[in-house]
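# Fold and geometry: a report
Read off the chains here:
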Amino acid sequence: MTDTQSPEDRTGLARRAVLAAGGAAVTAVGVGGAFMTDAQASDRPDQEGACYTLTSELVEGPYYIDADKLRQDVTEDQEGIPLSLTLKVIDAETCKPLRNAAVDIWHCNASGVYSGYEEMGSGGGGGTPPSGPPPTDTPTGPPPGGGGGHQEPTDDTRYLRGTWHTDRHGQVTFRTVFPGWYQGRCVHIHVKVHVDGEWTDAGYEGGHTCHTGQLFFDETSVLLSAEVEPYASNTTTRTTLDEDTIYPGNGHEGGLLSLRYDRHHIARGVRGRLTLAVEPDETNNG
């Protein structure tokens, strides 16, 4: 497999013990046609030879499904603003790229629903509104979409989830859509990085999780997305980046993406990128 081959045929179910083997991932994916030359871009930390502060470790959240879809295009049939997401994984101590690291991403759709958990409604919030008198006991369990223990999937849907490997430059690019939002959380994408496994003819075996984090979007981009369907039909009260209880508030080190888009036509697509500086010898399961 070469760098230009399409990953769409890699849609079979698998587990962490058997990840798809193959060549290097593509390092650029266009979205929504060409970008305007005056596209807005936040500051870009990805400079050759630059060293980085360790990227923040954050909570995994309840809706992780291990290595279920091995692919770069995770969109499936989901509507939304096209998003090309490029992540570069480096060793925080040596600043060298980590080649063949397995990277997972997963996030909700424009309506705030996670695949695998559709029966739980927006952000795992329970679907059908409750009826009858309000409860008098103390609420238990994790907040919608936040921390707490893992929830078992309720269905077989797997849109907006995928696992792929970094190339020799430590980069991997996913094609997805701009996430929506749900009660209690700002717009975000979950991410995991796995290293020290072995790529064989059978797949990727062994290894451990060295980074668990989340990726965040600046308020300008989110407000612009909210003017576009299907996001405009999401009536859930939105939590801003500053209001979010999980975003650490430390910019790129905390997962804030560098974004590029045409602010007058964001529906044409967004390019996001970030360098993840990790400790490959550590285990961080989130």
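To start, this report covers the structure provided alongside it. (Residues numbered from 1 in each chain as written. Predicted model: local features only at pLDDT ≥ 70, side-chain atom pairs only at ≥ 80, totals over all residues. Heavy atoms only, no water.)

## Some details on the overall build of the protein
Counting secondary structure elements, the protein contains 1 helix and 9 strands. When the helices and strands of the protein are placed in sequence order, the string is β-β-β-β-β-β-β-α-β-β. In the protein, which comprises 286 residues, the proportion classed as buried is 52%. On the protein, roughly 13100 Å² of surface is accessible, and the fraction owed to carbon and sulfur atoms is 48%. (Helix = DSSP H or I, 4+ residues; strand = E, 2+ residues; numbered from the N terminus. Buried < 20%, exposed > 50% of the residue type's maximum accessible area, 1.4 Å probe, protein only. Areas by Shrake-Rupley, 256 points an atom, 1.4 Å probe, with all protein chains shown as cover.)

## Some words on the packing of aromatic side chains
Overall, the coordinates contain 7 aromatic pairs when judged by the stated rule. When the centroid spacing of 4.7 Å and the interplanar angle of 45° are considered together, the rings of tyrosine 64 and tryptophan 106 count as tilted. Of this pair, tyrosine 64 sits in the loop between strand S1 (40–41) and strand S2 (82–91) while tryptophan 106 sits in strand S3 (residues 102–106); the two residues are 42 residues apart in sequence, bridging distant segments of the chain. There is no split in this pair, since tyrosine 64 and tryptophan 106 are both buried. Above the ring of tyrosine 64, the side-chain terminus of lysine 192 is found at 5.0 Å from the ring centroid. (Phe/Tyr/Trp six-rings, centres within 6.5 Å; stacked < 30°, edge-to-face > 60°. Lys NZ or Arg CZ within 6 Å of the ring centre and 35° of its normal.)

## Brief notes about the nonpolar core
If you look at the biggest cluster of nonpolar residues, it comprises 40 residues, and the most contacted ones within it are Leu87, Leu215 and Phe217. In contact with leucine 87, other than residues within four places in its own chain, are Val103, Ile105, Gly170, Gln171, Val172, Val191, Leu215, Leu274 and Leu276. With 9 residues, the next largest nonpolar core counts Tyr64, Ile65, Tyr114 and Met120 among its residues. (Core = buried A, V, L, I, M, F, W, Y, C linked by side-chain atoms within 4.5 Å. Contact = heavy atoms within 4.5 Å.)

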